[in-house]
Amino acid sequence: MKSYLPCFVLSLLLFSSIDNKAQVVTIYNQNFGDANNLVFPAGWSAPDSTWGVDNTNISSGYADASGQTNMVIRNTVTTGTYALITEDIETSGYENIRVLWGRRISNNFTLSGSTIPTLDISIDGGTNWVNVAFYDTFIDNTWTHTNAGDDISLPALANDQPAVKFRWTVDIVNNLEGSYRIDDFIIRGEVKQTSVNINNIENQIDIRLENMDLYLMNQGAEIANLIIYDLQGRPILNSQCNNQVNRVNLNHLASGIYIAQVQTATGLINRKFAVTK
């Protein structure tokens, strides 16, 4: 075992750095469950019961398409205006919030006069709504990301909030054919930056790798939390670190490069490290 230790520690030292750049992470990801569970996600609602979870025309063709179930509204409902509303989603500690989802618009959906859904957000439980502009006119029965694949940036009011709701609103003109589908609704954000003395924090935290254990030694910085991300910004591990010496086992991590984000009472430290098995 000792013969592997120097290589593993070297990997940590090689990639270690204080990183004051914002780390983009996935805050929320909704793929509407599996094909055998056609129920609304917890907290989601469609006041007029017109949107529904469906396992036909499953998502494909874009990055990370889940391909099981999706949310759909069809032209076969009565002519009218209909909304789909998410649960309360927390963005506390994050800023520069952006969203993206997969969508499929059938050729017949807009022919009857039905419209592409609009997107609004609310930070007061749905009392007031703010429109968010995006681009979505590619209509040919195929799945793609909305907004030509570019993240849709939200207004600053969505930053660092205990609860944000999202609402899609669509005008339907009744017809025998046509549908609009949503899948893989993703919310991303950047860890909120604070104005701190990074060098001072660095001097108060000692991070070491021994075998497949990561140790955080608190030397006065009041470590609160450790989050490990992969290079795509996905959280892999979240651990509270309230002790003077905190040990986190990394045995379950695959070989690769990761980012350890240490959260303290006064700021953040991001360090890259490599796992080699």
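Everything numeric here is computed off the predicted structure, so don't read it as measured data.

Turning to the overall build of the protein chain, a few remarks are in order. Helix and strand content of the protein chain: two helices and 18 strands. Taking all 277 residues of the protein chain together, 45% fall into the buried category.

Our next topic: the confidence of the model for the protein chain. The pLDDT averaged across the protein chain works out to 82; a share of 82% of its residues lies at or above 70. Contacts from residues 1-20, a stretch scored under 50 in pLDDT, to residues over four places away or in other chains number 34 contacts. Taken as a whole, residues 194-202 scores under 50 in pLDDT and shows 16 contacts with residues more than four places along the chain or in a different chain.

Here we come to the packing of aromatic side chains. Per the counting criterion, the structure on display carries 11 aromatic pairs. Relative to tryptophan 168, the ring of tryptophan 101 lies with its centre 5.4 Å away and its plane at 90°, an arrangement referred to as edge-to-face. Note that tryptophan 101 is positioned in strand β5 (residues 94-105) and tryptophan 168 in strand β10 (residues 165-172), a separation of 67 residues in sequence. Across the pair, exposure class does not vary: tryptophan 101 and tryptophan 168 are buried alike. An aromatic cluster is defined as three or more aromatic residues linked by ring pairs; in this entry it consists of Tyr28, Phe32, Trp44, Trp101, Phe134, Phe166, Trp168 and Phe185.

Looking now at the pairing of strand β6 (residues 118-122). With four of five residues buried, β6 is to be regarded as a mostly interior element. Here five bridges tie β6 to β10, and the two strands are oriented antiparallel to one another. From the neighbouring strand, isoleucine 121 faces β10, where its bridge partner is phenylalanine 166. Bridge count for β6 against strand β7 (residues 130-132) is three bridges, and the pairing is antiparallel. Directly across from isoleucine 121, in β7, lies its bridge partner valine 130.

Let's shift gears to the environment of tryptophan 101. Take tryptophan 101: its relative accessible area is 0%, and that puts it in the buried class. Remark: the alpha-carbon pair of tryptophan 101 and asparagine 29, spanning 72 residues in sequence, is separated by 9.4 Å. Setting aside its immediate chain neighbours within four residues, tryptophan 101 contacts Leu119, Phe134, Thr144, His145, Thr146, Ile152, Trp168, Tyr180, Ile182, Asp183, Asp184 and Phe185. There is a polar contact of 3.3 Å between the side chain of tryptophan 101 and the side chain of tyrosine 180.

Moving on to unusual backbone geometry. It is generally the case that most residues other than glycine have a negative phi and that most peptide bonds are trans. The residue phenylalanine 32 is not glycine, and still its phi comes out positive at about 65°. Inspection of the secondary structure puts phenylalanine 32 in the loop between β1 (24-30) and β2 (52-54).

Turning to the sheet that holds β10, a few remarks are in order. Taken together, the four strands give an open sheet; going across it, the order is β4-β10-β6-β7, and neighbouring strands pair in antiparallel fashion. Looking along the sheet, the strands with just one partner apiece sit at the ends: β4 (80-85) and β7. Adjacent strand axes in the sheet meet at a mean angle of 30°, parallel and antiparallel pairs treated alike.

Our focus in this paragraph is the nonpolar core. Core analysis: the largest hydrophobic core is formed by 40 residues, its most contacted members being Trp51, Trp101, Phe166 and Phe185. Listing elements by their share of this core, those giving two or more residues are β1, β3 (70-74), β4, β5, β6, β10, β11 (179-191) and β14 (223-230). Filtering out sequence-adjacent residues up to four positions away, phenylalanine 166 remains in contact with Leu84, Ile85, Thr86, Ile89, Val99, Leu119, Asp120, Ile121, Trp129, Leu154, Phe185 and Ile187. One finds Leu216, Val248, Phe273 and Val275 within the second-largest nonpolar core, a separate group that totals 18 residues.

Here is what the cut-offs are and how they apply
Residues numbered from 1 in each chain as written. Predicted model: local features only at pLDDT ≥ 70, side-chain atom pairs only at ≥ 80, totals over all residues. Heavy atoms only, no water. Helix = DSSP H or I, 4+ residues; strand = E, 2+ residues; numbered from the N terminus. Buried < 20%, exposed > 50% of the residue type's maximum accessible area, 1.4 Å probe, protein only. pLDDT = per-residue confidence, 0-100. Contact = heavy atoms within 4.5 Å. Phe/Tyr/Trp six-rings, centres within 6.5 Å; stacked < 30°, edge-to-face > 60°. Pairing = 2+ DSSP bridges. Polar contact = N/O pair within 3.5 Å; in protein donor to acceptor, adjacent residues only side chain to side chain. Axes fitted to C-alpha atoms, helices over the stretch in contact; angles between N-to-C directions. Core = buried A, V, L, I, M, F, W, Y, C linked by side-chain atoms within 4.5 Å.

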